[in-house]
Amino acid sequence: MILVYISSQNGISKSAFEAVTYARKLDSEVCVLTCGSASEAQLSAFGQYGAQKVLVDRKIDGSDAQQLTKLISQYAQELNASTLVFTHDFVGKAIAPRVSVKLKAGMVAGAIALPEANGSIKVNVFSGKASGFVKVNSSVRIISLLANSIPLEINETSCKVEEITANTGDSKIKVISVKKPDGAIPLPEAEIVVSAGRGLKGPENWGMVETLAQTLGAATACSRPVADIGWRPHHEHVGQTGVAIRPNLYIAIGISGAIQHLAGVNGSKVIVVVNTDKEAPFFKAADYGVIGDAFDVIPKLNAALVKFKAANN
Amino acid sequence: MNILVCISKSPDTTSKIAFSNDNTQFDDNGVQYIVNPYDEWYALVRALELKETVGGQVTIITVGTTTDEAIMRKALAIGADEAVRIDADPKDAYYTAMQIAHYAQSNGFDLVLTGKETINYNGSQVGGMIAEALDAPFVSLATKLEVNGTTIQLEREIVGGLELIEVALPVVVSCAKGMAEQRIPNMRGIMAARTKPLQIIAPQAIEELTNFIQFSAASSKASVKMIDADNMDELVALLHSEAKVI
Ligand SMILES: Cc1cc2nc3c(=O)[nH]c(=O)nc-3n(C[C@H](O)[C@H](O)[C@H](O)COP(=O)(O)OP(=O)(O)OC[C@H]3O[C@@H](n4cnc5c(N)ncnc54)[C@H](O)[C@@H]3O)c2cc1C
């Protein structure tokens, strides 16, 4: 049986459903474990992706990884789970390594595919410049799944939500305040990303990038220098020293395509590059290229998309 | 304040990545190693800033072989007080973390800092593993850290936002962008680094829980299709019917 830990603190993300889809492909018996105050109706939605059971501890809020480690390890042992699945995001990165030590279970961090026939699991290495296959030597294994690595799959299952309490002790972490950008799509989960670089000349020119992103229902990203100079917030910085993403579509505007930038985005399924310089290295990594001035091309691309959306709705 | 900073080596960011022995090993022929950027820019520099404001000692530790001493000297040149090398090949995250935890346990630290992840294996695992072994709180992906007596305040990334939290020392923190700014070592630092203590310690016997059995270089794209800047309708049509992404 597979145990999936999910954070339901701030609503349930697409990557949570991806983790359950992944678990259901490993085994027909899937149990979801979570904490906090999400409603029973919200939690039973995991049944759509193949979970038979959702266990929820209402006493803890999920901010202390030490408490969660106790909760997760206790249920992993009680349920005799062979595999534990996490999302490889802020949640999984805080908890899964702890659980790995507690259970002495080898961890595959950032899985991007289901296990191979020989049991090894594919992950990105060298920040996306290559991939590797990890083999786990312990009897129990932990897999944290990178967002957008497997398509969601409906697997309608009758699902029971059960309240539990575990002996987790007090939280050692005191939350003072929480800042959330409103309504924005979290970058690692976005299926379409519109990204721009120094070619845009200044932060005042990002309006057209945001408009294009809105038309596409996309998240926005940027190159490192743009975040460093403060034109855009740090969390938008993608690349080898920023966020690594793998959307279906990545549109790069006025970004040269330095090796460190490409490392974080070359897992994208389709790449479109807009650049004035026909020699820009990014064209070598692109599927579609447009040689042209962003200030001319982007409004035109946006207009074409608006027209397309109107015709196809 | 006694601070331990975990550093790791990683290939220079401009390195082309290749493998040898039937794709089972990273081929580091001609590869220049650097201090993993997250460890250097954020964890180490923030540790030095804390030492400058509240006093204390900054020790860097790495699990590695003699070839890693160059990056250790670099960290000492930036300002760390002393260096420790656990003399072993860092086999997997668990092996590495257990070595560091053992050293931290026997030497007593208020704060253990790691980078957000290494840019070679990108696991983001070592910090959390050390914390569990030390039975200490772990704050992952912190973007700010201020000391306030025996507690620290941190800002950390959460899904779609930021959280401001407080936690009592000792604690393990993984450091992300925002924490500090890169420091370039000066001549005096480089000279001083030559004589700073670099201790070599034999490893504990720890098993490996995982191993890489194979690597493959990222597949390169077929050739790019160029589209005329005045024909964005064509690009949209291709994204829809050929690439099927909109
Ligand atoms: C250790 C290290 C780590 C790094 N990590 C990262 C990382 O994680 N992510 C990252 O992005 N970078 C990273 N870098 C930086 C990287 O090397 C590049 O410097 C950076 O990606 C360049 O950003 P850019 O493409 O926006 O700017 P530039 O290189 O200045 O390129 C701007 C591009 O815009 C084009 N342009 C100009 N005007 C227009 C116009 N009007 N319309 C269309 N196109 C136009 C130009 O032709 C050019 O190609 C790292 C560097 C180092 C040393």
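No experiment lies behind these values; they were computed from the predicted model shown.

Novice: Provide a residue-level description of the overall build of chain A, including the pertinent values.
Specialist: Each helix and strand counted, chain A has eight helices and 15 strands in total. In terms of overall size, chain A behaves like a compact globule, its C-alpha atoms giving a radius of gyration of 21 Å where 313 residues would be expected to give roughly 20 Å. Overall size of chain A, expressed as C-alpha extent along the three principal axes, is 60 × 40 × 40 Å. Relative to its 313 residues, chain A shows a buried fraction of 58%. At a minimum sequence separation of 6, the contacts of chain A that also span at least 24 residues come to 65%. Of the roughly 12,000 Å² of accessible surface on chain A, a fraction of 50% belongs to carbon and sulfur atoms. Here chain A contributes 31 positively and 27 negatively charged side chains, and the mean placements of these two sets differ by 5 Å.

Novice: Requested: an account of the environment of F212 of chain B, with residues and values cited.
Specialist: Mapped onto the secondary structure, F212 of chain B falls in strand β14 (residues 210-217). Taking the C-alpha atoms as reference points, F212 of chain B and Q25 of chain B, 187 residues apart in sequence, are found 8.6 Å from one another. Filtering out sequence-adjacent residues up to four positions away, F212 of chain B remains in contact with V123, V125, G132, F133 and V134 of chain A together with Y121 of chain B.

Novice: Pulling in residues and values, what's your account of the site of the ligand?
Specialist: If you check the shell around the ligand, you find 28 residues, and the closest are S223, T241, S256, Q260 and H261 of chain A. In this structure the ligand sits where residues from chains A and B come together. At 2.8 Å, a backbone N or O of R198 of chain A approaches an oxygen atom of the ligand. Here Q240 of chain A contributes a backbone N or O atom positioned 3.0 Å from an oxygen atom of the ligand. Of all elements in the fold, only α6 (224-228), α7 (259-265) and α8 (294-312) of chain A reach the threshold of two or more residues within the shell around the ligand. In the shell around the ligand, the residues fall into seven nonpolar, 16 polar and five charged.

Novice: Go over the sheet that holds strand β14 (residues 270-275) of chain A with me, naming the residues and quoting the values.
Specialist: Across the sheet, which stays open at both edges, the six strands sit in the order β12(A)-β11(A)-β13(A)-β14(A)-β15(A)-β15(B) with parallel pairing between neighbours. Strand pairing shows two members of the sheet lacking a second neighbour, β12 (219-222) of chain A together with β15 (225-226) of chain B, which therefore form its edges. As paired elements, β14 of chain A and strand β15 (residues 288-291) of chain A share four bridges and run parallel to each other. Across the sheet, the residue bridging to N275 of chain A is I291 of chain A, located in β15 of chain A.

Novice: Tell me about the domain arrangement of chain A, and name the residues and values.
Specialist: Residues and elements named next belong to chain A. As assigned here, chain A comprises domain 1 (2-164) and domain 2 (187-312). Distance between the C-alpha centres of domain 1 and domain 2: 31 Å. Summing both sides of the interface, domain 1 and domain 2 together bury roughly 1,000 Å²; the carbon and sulfur share of this comes to 39%. Looking only at domain 1, the three residues that lose the most surface to domain 2 are S127, K129 and N148, adding up to 51% of its buried area. The salt bridge partner of K14 is E191, with a shortest N-O separation of 2.9 Å.

Novice: How would you explain the pattern of salt bridges if you had to name every residue and give the values?
Specialist: Counted under the stated rule, the structure contains 28 salt bridges over all chains. K174 of chain A is the partner of E166 of chain B in a salt bridge, and the nearest nitrogen-oxygen pair spans 3.6 Å. Within this pair, whereas E166 of chain B is found in strand β11 (residues 161-168), its partner K174 of chain A is found in strand β10 (residues 173-179), the two belonging to separate chains. Of the charged contacts in the structure, one is a salt bridge between R224 of chain A and D228 of chain A, with a shortest N-O distance of 3.2 Å. In this pair, R224 of chain A and D228 of chain A are both assigned in helix α6, four residues apart and thus about one turn of the helix distant. One network of salt bridges, with partners in common, ties together K14, E18 and E191 of chain A.

Novice: Pulling in residues and values, what's your account of the sheet that holds strand β7 (residues 82-87) of chain B?
Specialist: Overall, mixed pairing links the 10 strands, which are arranged β10(A)-β11(B)-β10(B)-β9(B)-β12(B)-β8(B)-β1(B)-β6(B)-β7(B)-β13(B) in an open sheet. Each end of this open sheet is capped by a strand with a single partner; those strands are β10 of chain A together with β13 (198-201) of chain B. Sheet twist, expressed as the mean angle between neighbouring strand axes with direction ignored, is 30°. Against the sheet, helix α2 (residues 69-78) of chain B engages β6 (57-64), β7 and β13 of chain B, with an angle of about 160° to β7 of chain B.

Thresholds applied
- Residues numbered from 1 in each chain as written.
- Chains lettered and ligands numbered in written order.
- Predicted model: local features only at pLDDT ≥ 70, side-chain atom pairs only at ≥ 80, totals over all residues.
- Heavy atoms only, no water.
- Helix = DSSP H or I, 4+ residues; strand = E, 2+ residues; numbered from the N terminus.
- Rg over C-alpha atoms; globule rule 2.2 N^0.38 Å.
- Buried < 20%, exposed > 50% of the residue type's maximum accessible area, 1.4 Å probe, protein only.
- Contact = heavy atoms within 4.5 Å.
- Areas by Shrake-Rupley, 256 points an atom, 1.4 Å probe, with all protein chains shown as cover.
- Lys, Arg positive; Asp, Glu negative; His and termini not counted.
- Charge placed at Lys NZ, Arg CZ, Asp CG, Glu CD.
- Near = heavy atom within 4 Å.
- Polar contact = N/O pair within 3.5 Å; in protein donor to acceptor, adjacent residues only side chain to side chain.
- Nonpolar A, V, L, I, M, F, W, Y, C, P; charged D, E, K, R; others polar.
- Pairing = 2+ DSSP bridges.
- Domains from an automatic or database assignment.
- Buried area = accessible area lost by both parts, 1.4 Å probe.
- Salt bridge = Lys/Arg side-chain N within 4 Å of Asp/Glu carboxyl O.
- Axes fitted to C-alpha atoms, helices over the stretch in contact; angles between N-to-C directions.

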